[in-house]
Every structure is written in C-alpha cells, then in structure tokens.
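Okay, here's what each chain looks like letter by letter:
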Protein chains: 2
Amino acid sequence: MALENDATAQNHLDMMNARKATSIDVLNVKHLVYNGGEEWQRKEKLIRTISEDPVFDKSKRDWMTRTEKFTRGLRMINRIHELEQSLGWSKQDTAMAFSLLDEPLPISLHTTAFEPVFLLQASQKLLDKYADLIAARGILGCYLQTELGHGSNVSALETTATYIPETKEFDIHSPTLTSSKWWIGALGKTATHGVVQAKLLLPGGEDKGPHLFFVQLRSLETHQLLPGIIAGDIGPKSFNGFAATDNGFARFEHVRIPKEQMLSKFAQVTDAGEYIQPPHAKLSYGGMLYIRSGMVTTAGWAIAKAAVVSIRYAIVRRQGGKGPDGLEKQVISYPSLHVRLLPILARAYVFISLGRALSQSFQVMAQRLSGGDASLLAELHAMTSGLKVLCTTTSVQDIEDARRSMGGHGYSAFSGVGRIYADLIPSVTYEGENFVLDQQAVRAALKAFHGLFGSEGKTRPSSETVAKLTASSYYLRFLCSPRNEPPILKDTDNSDSSWNKPETLILLLEWRAALLVHEIAQAAHDPDLTIYQRVSKGSTEAFVGRRVGEMINGLRTNLGLKANDVAVLSRLYLLYLQTTVESALADLLSFGLLRIENPSRVGASRDPTRGLRMAVARNCLGLVPEAIGLTDALGFSDWELDSALGVHDGNVYQALWDKARSEPLNDKEVPDAYEESIKPMLARGRMIAERKRRPKL
Amino acid sequence: MALENDATAQNHLDMMNARKATSIDVLNVKHLVYNGGEEWQRKEKLIRTISEDPVFDKSKRDWMTRTEKFTRGLRMINRIHELEQSLGWSKQDTAMAFSLLDEPLPISLHTTAFEPVFLLQASQKLLDKYADLIAARGILGCYLQTELGHGSNVSALETTATYIPETKEFDIHSPTLTSSKWWIGALGKTATHGVVQAKLLLPGGEDKGPHLFFVQLRSLETHQLLPGIIAGDIGPKSFNGFAATDNGFARFEHVRIPKEQMLSKFAQVTDAGEYIQPPHAKLSYGGMLYIRSGMVTTAGWAIAKAAVVSIRYAIVRRQGGKGPDGLEKQVISYPSLHVRLLPILARAYVFISLGRALSQSFQVMAQRLSGGDASLLAELHAMTSGLKVLCTTTSVQDIEDARRSMGGHGYSAFSGVGRIYADLIPSVTYEGENFVLDQQAVRAALKAFHGLFGSEGKTRPSSETVAKLTASSYYLRFLCSPRNEPPILKDTDNSDSSWNKPETLILLLEWRAALLVHEIAQAAHDPDLTIYQRVSKGSTEAFVGRRVGEMINGLRTNLGLKANDVAVLSRLYLLYLQTTVESALADLLSFGLLRIENPSRVGASRDPTRGLRMAVARNCLGLVPEAIGLTDALGFSDWELDSALGVHDGNVYQALWDKARSEPLNDKEVPDAYEESIKPMLARGRMIAERKRRPKL
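Residues numbered from 1 in each chain as written. Chains lettered and ligands numbered in written order. Predicted model: local features only at pLDDT ≥ 70, side-chain atom pairs only at ≥ 80, totals over all residues. Heavy atoms only, no water.

Chain A carries the name Acyl-coenzyme A oxidase in an unreviewed UniProt entry, which gives Lentinula raphanica as its organism. UniProt, in its Cofactor (unreviewed entry) section for chain A, records the words "FAD". Regarding chain A, the relevant UniProt record gives this comment under Sequence similarities (unreviewed entry): "Belongs to the acyl-CoA oxidase family." (UniProt positions renumbered as here; feature names shortened; annotations may be inferred.)

1. Side note on the UniProt feature "active site" (unreviewed entry) in chain A
Residue and element names in this part refer to chain A. Feature annotation in UniProt assigns "active site" (unreviewed entry) to the following positions: E431. Inspection of the secondary structure puts E431 in the loop between α12 (417–424) and α13 (434–453). Judged by relative accessible area, which is 29%, E431 ranks as partly exposed. Non-local contacts of E431, meaning those with residues more than four positions away in its chain, are made with M288, I291, R292, M295, K388 and L437. (Helix = DSSP H or I, 4+ residues; strand = E, 2+ residues; numbered from the N terminus. Buried < 20%, exposed > 50% of the residue type's maximum accessible area, 1.4 Å probe, protein only. Contact = heavy atoms within 4.5 Å.)

2. A look at the pattern of salt bridges
Close approach of charged atoms allows side chains of opposite charge to pair. Scanning all chains against the criterion turns up 100 salt bridges over all chains. R66 of chain A is paired through a salt bridge with D233 of chain A; the nearest N and O atoms lie 2.7 Å apart. With R66 of chain A in helix α4 (residues 66–87) and D233 of chain A in strand β7 (residues 229–233), the pair connects residues that are 167 residues apart, well separated along the chain. Since its relative accessible area comes to 9%, R66 of chain A is described here as buried. Two residues, D93 of chain B and R42 of chain B, come together in a salt bridge whose shortest N-O distance is 2.8 Å. Here R42 of chain B lies in helix α3 (residues 37–51) and D93 of chain B lies in helix α5 (residues 91–100), a separation of 51 residues in the sequence. Across the pair, exposure class does not vary: D93 of chain B and R42 of chain B are buried alike. Bridged by salt links that share partners, the residues K58, R61, R72, D102, E103, R419, D642 and K659 of chain A form one connected network. (Salt bridge = Lys/Arg side-chain N within 4 Å of Asp/Glu carboxyl O.)

3. Here's the deal with the interface of chain A and chain B
Counting residues at the interface gives 164 residues for chain A, matched by 164 residues for chain B. Taken together, the connections running from chain A to chain B amount to twelve salt bridges. Linking D526 of chain A and R610 of chain B is a salt bridge whose minimum nitrogen-to-oxygen distance equals 3.5 Å. For the interface between chain A and chain B, the tally reads 54 residue pairs in polar contact (both at pLDDT 80 or more). No other element matches the 17 residues that helix α23 (residues 673–693) of chain A contributes to the side of chain A that touches chain B. In the side of chain A that touches chain B, the residues fall into 67 nonpolar, 53 polar and 44 charged. (Polar contact = N/O pair within 3.5 Å; in protein donor to acceptor, adjacent residues only side chain to side chain. Nonpolar A, V, L, I, M, F, W, Y, C, P; charged D, E, K, R; others polar.)

4. Points about the packing of α4 of chain A against helix α5 (residues 91–100) of chain A
All names here are of chain A. At their nearest, the axes of α4 and α5 sit 10 Å apart, and the two run at 150° to each other. The orientation of α4 with respect to α5, classified from their angle, is roughly antiparallel. By crossing handedness, the relation of α4 to α5 is classed as right-handed. Contact with α4, carried on its side by I77, I80, H81 and E84, involves T94, A97 and F98 of α5 and no other residues of that element. Tallied by class, the residues present in the contact of α4 with α5 amount to four nonpolar, two polar and one charged. (Axes fitted to C-alpha atoms, helices over the stretch in contact; angles between N-to-C directions. Parallel < 35°, antiparallel > 145°, perpendicular 65-115°, else oblique. Left-handed = near helix turned anticlockwise from the far one by under 90°.)

5. Some remarks on the environment of D325 of chain A
Residues and elements named next belong to chain A. Among the structural elements, D325 can be located in the loop between β12 (318–322) and β13 (328–330). Spatially, the C-alpha atoms of D325 and K60 are 39 Å apart, while their sequence positions differ by 265 residues. Only 3.1 Å separates the side chain of D325 from the backbone nitrogen of L327, close enough to count as a polar contact.

6. Digging into the packing of aromatic side chains
The geometry of an aromatic ring pair is captured by two quantities: the separation of the ring centres and the angle between the planes. Per the counting criterion, the structure on display carries 44 aromatic pairs over all chains. Members of the aromatic cluster, joined through ring pairs, are Y34, W40, W301 and F636 of chain A. Above the plane of the ring of W639 of chain B lies K58 of chain B, whose end atom (NZ or CZ) is 4.0 Å from the centre. The cationic tip of R340 of chain B hangs over the ring face of F435 of chain A; the distance from NZ or CZ to the ring centre is 3.3 Å. (Phe/Tyr/Trp six-rings, centres within 6.5 Å; stacked < 30°, edge-to-face > 60°. Lys NZ or Arg CZ within 6 Å of the ring centre and 35° of its normal.)

Encoded structure:
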C-alpha cells in the first residue's frame, strides 16, 4: 500500500516557514552558546565522524537487553579510544566526543571520579607507578564509597582497612552485609582497579574514620576477580536509566594490599602503625566541587535537548480549531502551550551559560588551591550546594514537562525525551541528596548572616563588612540598614512596567532571599519544615538572578551579536527572571514584597499577581517566532537528539512511522502468543457464548 | 563467602517495633479502606490463588524484552480466564483479579473501552450477534480513535467511512499517513475486532463527522490481518511503561463492511443513504465519565503502593546522626523526610475513598440515564474534568516524590516504584489531556457562575438559585451576598488553632475557589495564562475539601472503628486539608484570605504562613508512629508490591542482595564485552603508557 506523504509536505512547510520568520542570526547565537566559533567547529567535526560510524548507530538500542546495552557501551568506549589514536584527537576532543554520546557509560566513572581522586590524593610513589597507565586507560577504575546500608553519612561506612605492621599491609574487609559496596559505577563488570573508602583501623583497634585505598579488583590477564573479592552488577535501574553502566557491588574478604596503596597525600600511617594527621582536610573537597560545577552544565544541555524536541514538535503539530489557512492551528500558537515551553528554553540558555562561568570559577579556585590558598573554597561550596539542588530539580522537571507538552506522542520512546529524564533523574540524589544539600545551603547562608550580624544576630555590621559580601550572599546587604526599602512596583502594560525590568526582578529575588534568611535566623531553634527548601531556593535564585543580570549586560558588549540578537536574547533572559519571580509569589506575598503602585485592574480583578502573569504571557508570545531560531542555535544534530518528534526537517509523522516498522513485535504478523494464549482464549470464549446461546434442556 | 545477616536482624527488629508502636486497629482500618470485610476477603482469596501460580511469577520480568513481556501478558490473561472457569469466579472476582496484576494488559482495552462503547451504541441486531461473544471474549476488541496526526480534536479525524448505497456497505479508508490509527491499545497484535471512529461520508460527499463502526481486523481462523488492513505495534513507550500492551497502528485501504456494522443506536443511515439524527448526542459521553471516575480510584491505589514502599523503607533505613540506641537514626524520624511521606499517605486514603464515592455517583447517573434522565450528566462531567486532572497530576508527582525519598536505592528498579510511575504517567494525557481538561473545568465553573449572576455577571441571585447550587459549584455561595466574609483565623499552638480545624480549612479552599472563579469571570476576555490551571485546581480542591469534611464526619458514625482509629484517621484527613491549603498559599495571599487574628510570632518572624506550616509539621510528627499501621491497613501483599524496599518483614538489604544475584550480567564473571572491547582497550592503554615512559631517542 502506497503511503501518501501529504503530512510530510505540510510538516516540512511549517518548519521552513518558522525558520523564515525567525529574526535572529542563528550562527551568531550559536557562537554565543558554544562560547565562540572554535568550540562549535570542534563539535561539528566530531559529530561528523561519530554519527557516521556504525558503532554509534542508535537505531536498535530501544530494544536491547541490558547486557546488550552494556556490551554496546563498551564497544563505543573502545571505539572512541581507537579514533583518538587514529585521528590524533586532543584530550579536549576525546572529552567532548564522550560528552556527545547520550548514554552514561562506565568510562565516566574512571575519568570523573577515579582519576581525579587518585591524582589528588595518591603519594608520589603511587603516582609514578600508575598515573600514566590511568591516563592512557591501561587500567580502568572506579570509586567505591557508598555501601548497601550507608550513603551520604561517610563516617558510618563499615568497610574496614586494618593495618598489619608485621607485613606492612592493609587488610580490606567487609564485615557485614550492609558494608557491601553498592551502586559503584563501572564496578560491576568493567573496572580493574578501584579507590575504596574504608575505615582505617590501627593496631590496638583505634578507628581513624574513612580513608582511601587503591585496590586491584580484577586480573589484568583474565579480567577475573582477584581472590577474596565478590563483585557483580546490582541490577537494572528505574525507567531503564543508566542501562549501559554496570553499577556494581563488592564484598572484600580480608583482602591484603601493600601499605603504599593507601592514598597518603593528606594522611599517612607509619610502618609501625602510627597515624600522621592530614594537613588540610578540606583540600579533598575539590573533586566534589568540580563534579557539582559540571552538573549545572549537564543540566543545561539536557534541558536544551528537551526544549529543542518539544518546540520543533509544537511547530509542526497541528490540532484544534482551524486557523486562517484552513488547517488546524500549530499547537505552538496556543498560549497554554508556548507559555510552558519558552521558559524551559530560557532555563536551558541560562544554565548553559551559568555552568560555563562556574567551571571557570572552579579552575581559578583549583589553581589557588594548588598553591595552598583555600580562600575561594568556602564561597564555591556555598554557591554549588544550592545550585546543585536547583539545577537538578529544575532540569528533570523541565524535561518531564517538555515531554508531557507533546501529549500522546510524548509518551512514545521515540520522542527521545523520556530517555533523557531516565538518565538524569538520579542526579537529584547523587553527589549530595537534594534535601540534605538544602540544609548545607542554609548553613552557608546562616554563616554569612551571622558573619554580618554576630552570633546573636543583633550586631550592626560595619560598612566595610557589608562591602566584603561575596556573590553568594550579596543579597544580605538589604538587611544591613533599616533605611533599605524593597522596590515599589509599576504595573503597566508597556515596557515601563517593573515586570519587564531585569534589575527590579533581581531586586525582588534578592529581597526575598534576605528576608527568608532573616526569618530562618529568627526561627532556627524551631524551624517550620519547608523553610530549608525555601531558603536554599531563595538564596540560590537571588544568586542566579544577579548572574542573569550580568548575562544581559554582557550581551550588549558582545561584538559577535547584532542588535536584534541582543534584543531577542535579552527577552529570553528576562523571561527567566519573570518566571522565577512568578514561582516565588508565595514568598513575595508572605513578606509583603508585592508593593504595587498601581495594581492591574481588569474588570473587578482582585489579583495582585495578574500584572506579572500577563507580562510573562506577553513576553512568551513575542518570543514564539524566535523559538525555532533559538532552538536551532543550540546546535544539535538529529543523531544527537535521536528523536522522531525533534527531527530537524520537521517530518515527525514519517519518522514515527519509520521507527514503528522496526519494532521487533512486528517481525511476525501473528505473534507467538497467538498459539499459546490468544487462540485457546478465543476458542474458550466462543464455546461459552455458544453454550449460553443454546437453550438449556 | 558466608554473609553475616546482622542488618536483617536489625531491619526485622525495627519493623517489629514500629508495628508494636502503632495504636490503630489495623483490621478495622483495612475494612474501612476495602469498604467492608467482604471485599477484603475476596481480595485475600484471589491473592492467594494468583500469587502462588507460576504464570504470575514476577521474578524475571525486569529483564524481559518487550516481546517477552507481551507474551507473558497474554499468558496471564489466558490464565485468569482459565481460573475463572475452573474455580467458578464471579464477574467481580475476575475484574478484581485483573486489577491485581500490576501491569497494563491489552485485555483492559477490551473491557473498559471496546465492550462498553459497543454495548452502549450498537443496534439490537448487532448486540444479538456479538454481545455474548464479547462478554465471553470469543472475540477480542479495541477502540480505534486517535490517529497519527490527530488526538483530542475528534472532529479533525481523517479516516473515512463512505456509504455505498449500491451494496449497502461502508468503505473504511485511511486517505493519508496522518490518518493512520495510532496508539490503539491491543490493536498491534491482539485484537480480532475494533470499533473505528471514522468520518461518515454520505453519497454526494456530505460529511457527517465522526461516527463509530464495528470492523473485523483479523481472521478468527489464522489471526492474520484481513485484506486491506495494515496494522502493527507502534513501538516501545517512555520509561519502558505499558510494555505488555500492544499499542498499535492501523491503515485501512478501502475496507468494506456491511451497513449493519455502523454503531447505530444514536445515529443511523438509511439504505438509501439518508442520515437520521442522533436523539441524545450527550448520551454517548457516559463511557468517558465511567473511565474518568475509575481513574480517581486507580490513582489512589497507585499512590498507596508508593506510600507503603517508601514508608516501610524509611522505617528500616538508618542514616545520619546516632540516636539514643547508639545506631544511626531511622530516616523516618527526620522531619524533612516524614513531612514529605505522610501527606502522600493521606492523599492515598482520600483518593481511594473519593474514587469509591464517585463510582457510586456514576452508577446512579447511569441508571437515570438509561431511563432517559440526563440531569446528572452535567454535574458528573463538571466534577470529573477537574478531578481527572487533579488525581492524575497529583498521583504521578506523589509516586515520584516517594521514589526520590528513598535516595539512591529508590533509583534501583527493585524499588518497584519507578515501574508504577512509568505505567501511570500517560494518564496525564489520555482520557483528556490535562491542560485541555482544565479548560473544561473552567467552562463548567463559569457556567455555574453565570447561572447565578447572569451573562453579564451582575444579576443578584435569588436565595432559591443559591440553594440549588450543586456540589461541584457549592463554593460559589460566598459570592452571593456582600455580607459573606472569609473566616478570621486563629493561629495558636494548640488544637484551638484554625489550622487544625477541618471546617475552617475547607472554608478557605472554598473562598479561594469562589474568588478565582470571580476573577476569571472578570478577565475572561484577557486571561492570564496560569489562571485556567489555578481555577481548575482551586474549584476541584474546594469540591474535594468538602468531601474530605464528609469523610471525617463519616468516621464518627462508622461502627467498625474504635475511638482511637477515628482520631488517627481524622488527623490523616486533616493533614490532607492542611497540605492542600499550604499548596494554595499563593492564591490565599493574593486574595487576602490569610486574615490572621494573632499571627505566629517567633523572634521577629515576619512570615504569616509559619503557623500553618508548623501545624503541618506537628500533625506529621504525631502521625509517625501510626504510619506503619496505616500502610499495613492498605492491605498489600509482597507479591503485589514486588519491591525489595517495601517488603513486609523489612528485610530490605537481604532483598536487594537476592535480587542483584539474578541480574543476567552476573551470569558470567567475565562479560562478553571483555574480549571484544575491554581487553584491546587495556592493551592499547598499557602500550601508550609504556611508550611515554620510555625515554625518547
């Protein structure tokens, strides 16, 4: 039967028209997103190589078993390393190539956890022996911290490392079921070595708490587990996420390692078994901050993918009442839809930009740290706790909202968006569980508060102290003088409205943060239960808001952008601020921050929030024609998105149809279940009906 | 290596102690949940039969391919039918047995969509021929509405049914790619017949819009597709949801069916091709309301499962600071955790109870409808639109929150909670997309508003009109007299506080609904973009709030409960009201409804919402010891939950360990990927490191 490809023609036309209507210069904006042309060209080059290589083909993966996905994952890792060698890729090339694969793979545990910890904390002797091998992946590592019964409370870990002076060895042991290492990425089947967190026990039984030990897990000859080690894969994850990663378990039965294999840069044990104190315990936090900074970038790009797919689909999908062209309307034209999608796009832009800035801050800090200067550590820690919570929580919510915005087809695996959620969702838990991190963010905010106002909160801070406020607590300046007053808001229909002024919106976010921190400082002995989340979110959003203000200002001095690009991007960043304020309304109203000079009046409207909500609506409406340009500028290839609904040419129905044909259930017209189950069921049913029909004798 | 089962002993002890501490009579409450002992006993009997039958074994399903899951699903359907026959199950037994299987199966499309539509709309002749067969499943059906390019706008469906007077046949045809039927459950591989929504075209080309046609799809001899029909499975769904259901596509190439196969109870075509108008078009809505009523119950039980698993885990999981027993604290003791879990439990109880009441209302309406009285239809429609949105959105959020509350292990597929989300999440889209339904809920609310105040909204309603307000818009009474005033709130630390009074909380929810509807009536020509959601949610929560008040009153007259059971359940229902009001704070503050006589003062607290938030915290804390009793009373067996973290005996670590051993990746100590990928990668790495080490010549 021939298919009439009418829809494809219309899809294509809709997408083309949308691209014609967009006013921004896509390449200019792309260079902004990729921080210049060089990075973008690197990506283009890599995508060309990878997407054409059959090893990276994605067409079968939706139907693979976990074992097949794992096998394919390792094939991809090996292939990237082959390409690195044969094409002479730089370190950056390889790192980017891995980041372009849209699946979490075991190698990432080697490069983001095992290697940095080893490099930071191993002795020179150990470094000399292993650093080159690790860099070249002549051994593959993992980082064994979490245990079956123990997570974020590291001090409760049960695995022991007992020092044996007689042989100058440590005895690594898992004394209980709950001490089994668990969730360890790459441990299940891949890693040859690991860094093990274990409780250091000295002769006489003295417990020195958790320390790190370098342990070989598998034979380099046969890949079999070494004696005394039981290890394996912990099984599938929710939503089929992380399928290609072998999160594993391990139990150690008195495994002996030489004393040199304790990572002893910061703490040592003498041959006789005496403990030498670490000089700078905090130095070991560096790695954690590095990972958290990276998470903002990851979140930004994940939101970006979901935004691109859902916006492209909303442009070609037509539904509901007919428009002037006699066709059903493009769904992106519905305010109820575009008001959901454009803020998601805005957050993608903000997080990508913020993530880059944060990674730069991290580099500065790391450099100073290596020179022994830990002064930036506390500030970066204060920033990243709340940011990690905000960016992970927001990103998974945005991705899921984008998926739902696509209605029925959004639930098809071929939409490609469910997969992003499945792999990103554990980020709300790992690297600091979000509810636990909220409390750290609050602690940092309170520390800044008491730094200003003293332990009783009553000292009047000097102007010098106020001037020294860092970016993470800059908002506290408002509390420093009773003369400070929250802004009076103008609520008009034009650009003069406070709801369209970035600076006013930022001030509102900062005032809210200041009053929330003031509130928790008063109620610290008897807090209500949502205040930790509200303070963490409030202070982080004030910080991000101020950064977004800087991004807007930065646009004006960016020589790569035309005036119109600047105008459109400014409106996108403004939308971020508007929707952030909108989501903070309960706080703003609670603290009397909605001081409106001339509240919106429509009929007998009694709703003081109406003006802001209308401003969001108008801004979104204005951005609709730019949506396709702004999504194209994110620079994703079809291979990266792997989404039938997000295809660049807009031919979504053809793509869904083509994909459905590869469903293995369709290999046989009559499924195997027919003979076994359907046929007997139908026969039984006919018999019962027949019996009922026949008059009883 | 022997495992020391220390953790298991502690887990078991923790669970036992929790059960000792609970004060409610679990059986009494169970009977409340199951609406009496009879239903509970029916369930116990069925669970015993099913859970011991190997056909219903769940231990392998986490690793099955879609085809295997589909095959297993049909095996289960067939087995239920066998058991029905061999054990003499009643219709209710069979229906309950299916509801106990925690996987959406193709048979449900037969029983909840195909059969009811057929019975309601088929002619007597068609009923005589097929009703018995359908009831006995001598044929298996599906309901073909959605098309690749068309969803909720039924009038835009493209499939045509052209009447051919010469042969007295309809010609069913898919003229375009986008007209392909898509997403149709059980169509892919299972159904033998279907009810097809198609545009009725009369001779001369007159288009009568969508009508229903009964079409045989597959041969009853061979199960092969009949000539002119292309059909198959549309592929996997997001998160691996609905894996055992063959959502399918179908294209019709001029398929002829006899004229009798139009479902002609409400609209007919004469032999000559003349159209006879349907008498009561609305009567066909009945089926939709039936499904929506059922969704409240489904949502309630799904939340219940997630609540049971997460609360049981929170009881045995220990983490963080040490308690008086020298062990880490049970995580349920952390306010930041139990304040998230107990409201979820409360919503499970409320939705289960509400769903039952709604199904009863539906029965009453259906009975009157069959007698030609459609008076209750509008009211049930008004109720169910908003309720469908509320219960689906809330349930998936609650399930995901419960999963996240379990931290790392919550992401294991063995937690069993991800699976619930994966299968329930499409409910936000099907049976009316939630954002579309919000608008219907608003329309119903505005209709009630204008019924009171006239089309201009200015008429003063008579006391008679006010007295006639139905349950779905009862809250509008406050707008009827300027003398009505919102309650003044007492904010104290004791039971006298307004935050502990169900009636006051319900009044607040009703006032908020009334003012929101008033607001949208004023701004209908220029609405802000979130107001539809706010009005829909507000009016629905007012309705539900009032029902929860009735539930609390009902407890007091329930002879099956002891005074203590009543007290505990009342606090649980109160928690529902408190958290609902808490989530409505932005609206309450906007409309000046937080009129507190004596605001909470702690230090210099400026937060008027503090009193409510503290009341929630206190109520949660008080309910912690009852949590295990209230979850046990939901009456789930381990087989139903299929969760390593929700096992009845609390032995979660042993259960995780046992489950991990069945991961197929663990079948081989050295995975196949070793020879293919890991070994060459390690060798290459060693070579590179070696080369670097060797001094260059």
